[in-house]
Amino acid sequence: MMSKLATVKKTKKLSDQAYEIIKRAIIKNELKPGEILAEEKLAEQLEISRTPIKSALIKLVHENIATVNVNNSIVVSNITAHDVQQVTQVRRCLEELAVSLLENNITKKQINELKKIDEKKCEAAAENNFEEYIEMDYLFHIKIARCTKNNFLAETVEWVNTIIKRYLILSGTLSKYCQVASQEHKDVLEAIEAGNFETAIQAMSHHLTNVDRRMLIH
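Residues numbered from 1 in each chain as written. Predicted model: local features only at pLDDT ≥ 70, side-chain atom pairs only at ≥ 80, totals over all residues. Heavy atoms only, no water.

Student: Can you help me understand the overall build of the protein in this one?
Tutor: A count of helical and extended segments in the protein gives nine helices and two strands. Reading the protein from its N terminus to its C terminus gives the helix and strand order α-α-α-β-β-α-α-α-α-α-α. With the C-alpha coordinates aligned to their principal axes, the bounding extent of the protein is approximately 55 × 40 × 35 Å. Per-residue burial over the protein gives 47% buried out of 218 residues. Once local pairs closer than 6 in sequence are excluded, the contacts in the protein between residues at least 24 apart make up 72%. Mean positive and mean negative side-chain charge positions of the protein (30 and 30 charges, respectively) differ by 4 Å. (Helix = DSSP H or I, 4+ residues; strand = E, 2+ residues; numbered from the N terminus. Buried < 20%, exposed > 50% of the residue type's maximum accessible area, 1.4 Å probe, protein only. Contact = heavy atoms within 4.5 Å. Lys, Arg positive; Asp, Glu negative; His and termini not counted. Charge placed at Lys NZ, Arg CZ, Asp CG, Glu CD.)

Student: Looking at this structure, I do not really get the packing of helix α2 (residues 39-46) against helix α3 (residues 50-62). What am I missing?
Tutor: Packed helices, taken two at a time, are described by the angle their axes make and the gap between the axes. Two numbers describe how α2 lies on α3: the axes approach to 9 Å, and their chain directions differ by 115°. For the crossing formed where α2 meets α3, the hand is right-handed. On the side of α2, the interface is formed by Glu 39, Glu 40, Leu 42, Ala 43 and Leu 46, while α3 contributes Arg 50, Ile 53, Lys 54 and Leu 57. Its residues assigned to classes, the contact of α2 with α3 comprises five nonpolar, no polar and four charged. (Axes fitted to C-alpha atoms, helices over the stretch in contact; angles between N-to-C directions. Left-handed = near helix turned anticlockwise from the far one by under 90°. Nonpolar A, V, L, I, M, F, W, Y, C, P; charged D, E, K, R; others polar.)

Student: Would you explain the nonpolar core in this entry?
Tutor: A general tendency of soluble globular proteins is for nonpolar side chains to be buried together. Judged by nonpolar contacts, the single largest core of 44 residues is most densely connected at Ile 106, Ile 144 and Ile 192. Contributing elements (two or more residues each) for this core: α4 (81-101), α5 (108-126), α6 (130-146), α7 (151-171), α8 (174-194) and α9 (197-216). Setting aside residues no more than four positions away along its own chain, Ile 106 makes contact with Ile 111, Leu 114, Cys 147, Ile 192 and Phe 197. Of all hydrophobic cores here, the second largest spans 21 residues; its members include Ile 26, Leu 31, Leu 46 and Ala 66. (Core = buried A, V, L, I, M, F, W, Y, C linked by side-chain atoms within 4.5 Å.)

Student: Is there a simple way to think about unusual backbone geometry in this case?
Tutor: If a residue is not glycine, its phi is most likely negative; likewise, a peptide bond is most likely trans. Notably, Asn 64 is not glycine yet its phi reads approximately 65°, a positive angle. Mapped onto the fold, Asn 64 is located in the loop between α3 and β1 (66-68). Despite not being glycine, Lys 149 shows a phi value in the positive range, around 65°.

Student: Even after reading the chapter, I still don't get the pattern of salt bridges, so can you show me in this structure?
Tutor: Should the charged atoms of two oppositely charged side chains come close, the side chains can pair. This structure, assessed with the given rule, holds 13 salt bridges. Its salt-bridge partner being Glu 39, residue Arg 50 comes within 3.5 Å of it at the nearest N-O pair. Placement of the pair is Arg 50 in helix α3 and Glu 39 in helix α2, with a sequence separation of eleven residues. Taking relative accessible area as the criterion, Glu 39 reaches 17% and is therefore assigned buried. Because the salt bridges share partners, they merge into one network encompassing Glu 39, Arg 50 and Lys 54. (Salt bridge = Lys/Arg side-chain N within 4 Å of Asp/Glu carboxyl O.)

Student: I'm lost on α3 in this one. Help?
Tutor: In an α-helix, one full turn covers 3.6 residues, which means residues spaced three or four apart are oriented alike. With 13 residues, α3 extends 18 Å between its outermost C-alpha atoms, agreeing within 8% with the 18 Å of an ideal straight helix rising 1.5 Å per residue. Listed in full, the buried residues belonging to α3 are Pro 52, Ile 53, Ala 56, Leu 57 and Leu 60. Down the axis, α3 shows its buried residues gathered within 135° of arc, on one side only. When the buried face of α3 is taken as reference, the exposed residues oriented beyond 90 degrees from it are Thr 51, Ile 58 and His 62. Taken together, the buried residues of α3 touch α1 (14-27), α2, β1 and β2 (74-76). Once α3 finishes, Asn 64 follows within two positions and takes phi at roughly 65°, a positive value. (Expected span 1.5 Å × (residues − 1). Arc of directions from axis to C-beta.)

Written as structure tokens, this is what we have:
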């Protein structure tokens with residue numbers, strides 16, 4: 001039985017809302033890997049027509065969050081150990097580059113914004129609020145990429161981290177490792193603030209290598 005989804009609002013394009021609602025349900029594992037995303041059922045739950053649902057599903061397939069199976073049905077994608085190894089290999093290169101591009105470019109205001117994200121993430125970890133934690137974890141990495149002012153890099157990092165965010169939830173490792181991951185973020189941030197970008201790059205590489213390892217040994 002399909003999970004109860006959020007309600008759409010009439011003030012925003014229906015296909016965009018449907019996309020966001022379905023995507024959020026997948027990321028939160030309310031819609032599970034292999035589950036069929038039936039247009040009719042989704043339209044009924046969201047109380048809209050099938051046309052915006054179709055557009056939303058096409059976008060999800062394009063992002064590899066959903067896939068078309070052998071029966072030509074659209075289903076929630078599955079992420080294997082091989083998938084996560086490939087993604088994190090690319091992610092490491094992208095995010096090390098992002099940190100290196102911050103040298104002589106990042107402002108004090110941007111560092112303070114990263115600190116606020118980090119504080120919220122630590123609070124979420126202390127409260128075992130894993131939904132909030134994973135969102136702040138995601139925003140931390142995205143913010144670093146956006147600070148480079150390289151839009152293509154930032155968009156690519158965002159796409160990669162969308163996949164990682166979902167896999168972190170599916171792996172069930174958040175309760176075990178969120179505290180140590182938080183410390184790894186602090187190491188990156190402290191090195192950036194100190195202007196030691198070689199150390200910051202190494203800290204980011206160390207963090208991402210550990211994220212990969214922790215997801216694969218769960």
